[in-house]
Amino acid sequence: MSFFSRSPWILHYDGSSCNGCDIEVLACLTPLYDVERFGVINTGNPKHADILLVTGSVNERNIEIVRNLYRQMPDPKVVVAVGACACSGGIFARAYNVQGGIDKVIPVDVYVPGCAARPESIIDGVVQGIAALEAKQRMTA
Amino acid sequence: MKRTTIPFGPQHPVLPEPLVLDLILEDEKVIDAIPTIGYIHRGLEALVESVEYTEFGYVVERICGICSFMHGMGYAVAMEEIMAVEVPERARWLRLIWAEMSRIHSHLLWLGLGADAFGFENLFMHCWRTREEVLDIFEKTTGGRIIFSVNRIGGVRRDISDTELAAIVTKLQQLGASFTETARIFETDPSIRHRLSGVGILSREDAHAVDAVGPMARASGIRMDTRLTGTHLYDRLDFEPVLETAGDCLARVVVRVREISQSIDLIRQAVDRMPKAEGAPIEVKVRGLPTGEVFERLEQPRGEVVYYIKANGTKYLERFRARTPTFANIPAMIKLVKGCDLADVPNIIMTIDPCISCTER
């Protein structure tokens with residue numbers, strides 16, 4: 001695959017996570033795991049991003065934010081739901097302000113389990129996200 | 001002069017969390033900041049009506065992934081008080097050790113994020129590299145990196161052997177020694193000084209007036225720390241809170257830097273003074289249903305947390321409430337942001353060490 005060179009830029013959004021998965025996402029960037037050496041960069045700008053990493057579930061308030069971020073990302077794009085809350089609502093699934101996993105709002109390509117998800121599994125989720133990204137690219141090409 | 005409103009958050013590069021502020025500017029000066037909450041609200045406190053009290057501890061831990069041990073400990077201690085459970089001494093010492101380790105990892109995490117906010121990415125990496133060593137100890141002793149589930153009502157689930165405790169102290173002291181270089185940079189580097197010194201000054205009087213807690217209050221010279229009350233075995237340790245008087249962003253950084261070495265020393269003292277009783281009981285069976293109400297206080301890395309629990313004799317608690325330190329520090333943050341330059345806003349917000357997940361639950 002020549003178009004896509006395995007260096008996806010990532011946009012991270014914290015839905016309503018407890019911080020556990022968020023700090024593990026950040027831990028992926030720091031020296032022990034250091035995904036930046038593969039060219040994976042955490043960007044703050046949705047227009048620069050290939051992969052949307054979402055931690056935490058959706059609620060009344062942030063549902064529009066998640067939709068907005070997804071809409072602004074250029075095609076092809078991939079969504080990785082990180083952690084139990086992003087997958088299904090997790091331990092908070094029954095809480096009154098939690099509507100459920102991210103897939104209630106936007107299509108999710110990769111689900112990363114764990115509470116909190118470990119950095120290894122987050123990196124694995126991103127790697128699978130790259131495969132999904134390449135498949136989408138082939139379809140549109 | 002023309003006024004501009006700039007939305008800060010919920011998705012902002014400096015924050016891993018969705019904090020939302022509407023900054024009202026006149027030119028480059030911030031004249032007002034209006035916080036909005038709700039982006040991360042889950043309704044955790046109401047879950048108490050549908051989760052049994054024996055299992056609610058796992059929910060409480062997930063108030064926040066950074067102070068997860070302290071939240072679990074606060075819930076367990078409060079429930080033990082309601083149910084009049086005598087907890088084995090070894091379990092209480094182990095809780096203290098894990099709690100101080102949480103403080104080390106939380107402060108390292110924050111120092112990293114703070115460094116990132118003032119544009120010193122190298123320092124961010126150094127802090128987080130050091131932090132991984134603390135997480136290794138956590139993983140070895142509790143089984144988890146972030147969420148531990150090691151507290152239960154009546155004690156703790158896992159023991160740490162005496163040899164392992166000694167090894168932990170050695171490891172932490174080595175960590176402390178290697179951290180001195182990073183600490184020196186935080187305290188003396190001219191570029192950091194230039195960026196933080198004199199920025200966002202909270203005077204002692206103002207800190208009292210807006211009820212600042214934790215490192216925020218201690219950086220303004222207020223000798224306030226729940227550990228001073230001597231609960232949770234802190235009365236058996238020599239402890240004097242770290243104080244700074246300048247009250248600016250730099251002082252808040254320095255307080256946290258020094259608290260890391262203080263916590264390492266507290267763990268050393270705890271291991272020295274706890275009875276060498278490997279294999280002693282670490283938990284007691286808890287039976288029956290709780291009745292009554294209790295307030296419990298703990299000193300978390302961000303400051304004082306208060307729990308209120310009301311039990312009505314069924315297996316579901318009637319009310320659970322947590323007043324988290326960030327909630328107490330938000331008025332101080334708003335006060336500091338008013339009148340500052342727009343470019344200083346990220347630093348001021350970061351130096352209160354905001355934990356929005358704690359605040360909104």
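Residues numbered from 1 in each chain as written. Chains lettered and ligands numbered in written order. Predicted model: local features only at pLDDT ≥ 70, side-chain atom pairs only at ≥ 80, totals over all residues.

J.: Kindly report on the overall build of chain B, identifying the contributing residues and their values.
T.: From N to C terminus, chain B includes twelve helices and eight strands. A globule of 361 residues ought to have a C-alpha radius of gyration of about 21 Å, and chain B, at 21 Å, matches this closely. With respect to the three principal axes, the spread of C-alpha positions in chain B is 65 × 45 × 35 Å. The 361 residues of chain B split such that 53% are buried. (Helix = DSSP H or I, 4+ residues; strand = E, 2+ residues; numbered from the N terminus. Rg over C-alpha atoms; globule rule 2.2 N^0.38 Å. Buried ≥ 20, exposed ≤ 12 C-beta atoms within 10 Å, placed from the backbone.)

J.: Give me the nonpolar core: which residues, what numbers.
T.: Counting residues in hydrophobic clusters, the biggest one holds 160 residues, and the most contacted among them are Ile51(A), Leu52(A), Val54(A), Val80(A), Ala81(A) and Val82(A). At 16 residues, helix α3 (residues 89–117) of chain B tops the list of elements feeding residues into this core. Discounting chain neighbours no more than four positions away, the residues touching Val82(A) are Cys21(A), Val25(A), Leu53(A), Val54(A), Thr55(A), Val112(A), Ala117(A), Ile122(A) and Gly125(A). (Core = buried A, V, L, I, M, F, W, Y, C linked by C-beta atoms within 7 Å. Contact = placed C-beta atoms within 7 Å.)

J.: A description of the packing of α3(B) against helix α9 (residues 249–273) of chain B should follow, citing residues and the corresponding values.
T.: Residues and elements named next belong to chain B. Two numbers describe how α3 lies on α9: the axes approach to 9 Å, and their chain directions differ by 155°. The angle between the axes of α3 and α9 places the two elements in the roughly antiparallel class. With respect to the hand of their crossing, α3 and α9 are arranged in left-handed fashion. Residue-level contacts link Trp93, Leu96, Ile97, Glu100, Met101, Arg103, Ile104, His107, Leu108, Trp110, Leu111 and Gly114 of α3 to Val253, Arg256, Val257, Glu259, Ile260, Ser263, Ile264, Leu266, Ile267 and Ala270 of α9. Across the contact of α3 with α9, the residue classes break down as 15 nonpolar, three polar and four charged. (Axes fitted to C-alpha atoms, helices over the stretch in contact; angles between N-to-C directions. Parallel < 35°, antiparallel > 145°, perpendicular 65-115°, else oblique. Left-handed = near helix turned anticlockwise from the far one by under 90°. Nonpolar A, V, L, I, M, F, W, Y, C, P; charged D, E, K, R; others polar.)

J.: Describe the sheet that holds strand β6 (residues 291–300) of chain B, listing the residues and the values that go with them.
T.: Residue and element names in this part refer to chain B. In space, the three strands of this open sheet follow the order β6-β7-β8, with antiparallel pairing throughout. Each edge of the open sheet is held by one strand with a lone partner, namely β6 and β8 (319–323). Here the strands of the sheet are splayed against their neighbours by 10° on average, with no regard to which way each runs. Sitting on the sheet, helix α2 (residues 68–82) is in contact with β6 and β7 (303–312), with an inclination near 145° to β6. Sheet contacts for helix α10 (residues 325–337): β6, β7 and β8; angle to β7, the most-contacted strand, approximately 130°. (Pairing = 2+ DSSP bridges.)

J.: Report on the interface of chain B and chain A, specifying residues and quantitative values.
T.: Counting residues at the interface gives 35 residues for chain B, matched by 31 residues for chain A. Mapped onto the side of chain B that touches chain A, the elements with two or more residues apiece are α1 (56–61) and α4 (121–142) of chain B. Sorting elements by how many residues they give to the side of chain B that touches chain A places α4(B) first, with four residues. Counted by class, the side of chain B that touches chain A contains 20 nonpolar, nine polar and six charged residues.

J.: Now, about α4(B): what can you tell me, with residues and values included?
T.: If you check α4(B), its first and last C-alpha atoms are 31 Å apart, about what 22 residues at 1.5 Å a residue would give, namely 32 Å. Buried residues of α4(B): Leu123(B), Phe124(B), His126(B), Cys127(B), Trp128(B), Thr130(B), Arg131(B), Val134(B), Leu135(B), Ile137(B), Thr141(B) and Thr142(B), and no others. The inward-facing, buried residues of α4(B) abut α1 (20–29) of chain A together with α3 and α5 (162–188) of chain B. Positioned one or two residues after α4(B), Gly143(B) has a phi angle of 100°, which is positive. (Expected span 1.5 Å × (residues − 1).)

J.: How would you explain α2(B) if you had to name every residue and give the values?
T.: All names here are of chain B. The first and last C-alpha atoms of α2 sit 21 Å apart over 15 residues, in line with the 21 Å expected at 1.5 Å per residue. Most of α2 is tucked away: 13 of the 15 residues are buried. Looking one or two residues past α2, Ala84 carries a phi angle of roughly 50°, positive in sign.

J.: Requested: an account of the confidence of the model for chain A, with residues and values cited.
T.: Here chain A averages 86 in pLDDT, while 96% of its residues score no lower than 70. Here strand β2 (residues 41–43) of chain A stands out as the element of chain A with the lowest mean pLDDT, 83, in contrast to strand β5 (residues 110–112) of chain A, whose mean of 93 is the highest. (pLDDT = per-residue confidence, 0-100.)

J.: Could you give an account of the environment of Asp206(B), with specific residues and numbers?
T.: All names here are of chain B. Positionally, Asp206 belongs in helix α7 (residues 204–209). Look at Asp206 and you get partly exposed, because 16 C-beta atoms sit within 10 Å. Once the C-alpha coordinates of Asp206 and Lys335 are considered, the two residues, 129 residues apart in sequence, prove to be 9.0 Å apart.

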